[in-house]
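Chain by chain, the residues:
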Amino acid sequence: MNTKHYPSVLEEKITPHLRQLIDQGSKAIELQFRGKMEVGLDKFDNDDPLGEESKYSPFKGIVHKFNNRALVKVSYRCAAHCQFCTRARQIGTSEGDLSNEDVERVLGYIALHDEIDDVILSGGDPFVTPIVARQLLDGLVNTQSVKMIRIGTRLPIHSPASFRSEPVKQLLARITEITKTRPLIVLIHVNHPDELSTEVVEAIKVLKSTGALLMTQTVFLNNINDNVEALFKLFTSAYHLGIIPYYIYHCDSVRGLEHFVVSIEKEQQIVTELRCRLSGIAMPTHVIDVPGKGKIDVPLGFWSSVDLSSCSDYEGTIIDLKNL
Ligand SMILES: *Cc1c(COP(=O)(O)O)cnc(C)c1O
Ligand code: SF4
């Protein structure tokens, strides 16, 4: 367990676009972004349950947890602050900013570790620091062993207007160059159909015109999207826009987030019902990012006698899911 203590308040940060959707009556967006996150000591008394800093980060900017995949934290900056952020302890600070030397060190590590064929630019939001993101992309396309690049972003949802700004347009142009010769995946974090406003759909079309494969990532959130109708609409709409649903996560056990967490039993019930209704390709995989190693698939409810109180991680360690 990580005993380090970070400043534990995530300040409210919201964009004009999100504020407008809240003003138009979206509770789902209000609950995700409004207010600062009050943090106390509670049963989720762990601010790094996935061991990102303590165990799998050789140095600043990189998490190398799975043999063939590396995750690059491009910064800790996002256009808006999701109140349930897994990295709430860091988001909005400058401590994750990468200098030129940091970028070179990250790229050097990836080149040296030629078992890494899949690199994920994450953060923070790489689209919020497009110049650093471009530097990293340039290095990665010139690294022989790297065969797949993914970029995780929530900027189309937070601030669709940014897709008309010059720095983001330059990043999009670079992505367009890259996709002429190789695949690149953009993972869009989206949690509720209210987020797919007209402006957001326009930004997604711009992103899609780069030739990148678009996929979604979603977090189950209590009172926000923990119902079949909202998620059915979300994944159907995404699918119709040409975005392939990838993961739906159980909310991580990070200190201060417990009121967002949905029970695994309820999640399983919802996901099972979605399986009955969604096109197969519109169906995301339901996972728990366990403290230990791995994203563990939650079994669907079609099987009798499956015990959801514990599971094992990729190394066979038993994880008690009742005391995450
Ligand atoms: C999620 C994650 C990955 C990617 O996992 P996939 O299951 O391949 O999408 C890679 N590294 C870290 C640290 C992660 O958390
Ligand atoms: S976009 Fe992702 S990293 Fe940024 S605040 Fe939201 S959950 Fe955290």
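None of these values were measured; they are calculated from a predicted model.

**Q** Explanation requested: the packing of helix H4 (residues 130-141) against helix H6 (residues 166-179) in the structure shown.
**A** Packed helices, taken two at a time, are described by their axes: the angle between them and the distance between them. Their axes nearest at 9 Å, the elements H4 and H6 cross at an angle of 15°. When the axis of H4 is compared with that of H6, the two are roughly parallel. In the packing of H4 onto H6, the handedness of the crossing is left-handed. Counted together, Pro130, Ala133, Arg134, Leu137, Asp138 and Val141 of H4 and Pro167, Val168, Gln170, Leu171, Arg174, Ile175 and Ile178 of H6 form the full contact between these two elements. Of the residues assigned to the contact of H4 with H6, the class counts are nine nonpolar, one polar and three charged.

**Q** Teacher, can you tell me more about the site of ligand 1 here?
**A** Surveying the vicinity of ligand 1 reveals the residues Val63, Lys65, Phe66, Arg69, Leu71, Ile120, Arg150, Tyr246, Tyr247 and Lys295. At 2.8 Å from an oxygen atom of ligand 1 is found a side-chain nitrogen or oxygen belonging to Arg69. Separating an oxygen atom of ligand 1 from a side-chain N or O atom of Arg150 is a distance of 2.7 Å. Out of a free accessible area of 390 Å², ligand 1 has 90% covered by protein chains. Elements that contribute at least two residues to the shell around ligand 1 include exactly strand S1 (62-66), strand S2 (69-73) and strand S7 (243-249). With three residues, S1 is the single largest residue contributor to the shell around ligand 1.

**Q** How do you make sense of the site of ligand 2 when you look at a structure like this?
**A** Taken together, the neighbourhood of ligand 2 is formed by Cys78, Ala80, Cys82, Cys85, Ile91, Gly124, Arg154, His158 and His189. The residue makeup of the shell around ligand 2, split by class, is five nonpolar, three polar and one charged.

What counts, and at which threshold
- Residues numbered from 1 in each chain as written.
- Chains lettered and ligands numbered in written order.
- Predicted model: local features only at pLDDT ≥ 70, side-chain atom pairs only at ≥ 80, totals over all residues.
- Heavy atoms only, no water.
- Axes fitted to C-alpha atoms, helices over the stretch in contact; angles between N-to-C directions.
- Helix = DSSP H or I, 4+ residues; strand = E, 2+ residues; numbered from the N terminus.
- Parallel < 35°, antiparallel > 145°, perpendicular 65-115°, else oblique.
- Left-handed = near helix turned anticlockwise from the far one by under 90°.
- Contact = heavy atoms within 4.5 Å.
- Nonpolar A, V, L, I, M, F, W, Y, C, P; charged D, E, K, R; others polar.
- Near = heavy atom within 4 Å.
- Polar contact = N/O pair within 3.5 Å; in protein donor to acceptor, adjacent residues only side chain to side chain.
- Areas by Shrake-Rupley, 256 points an atom, 1.4 Å probe, with all protein chains shown as cover.

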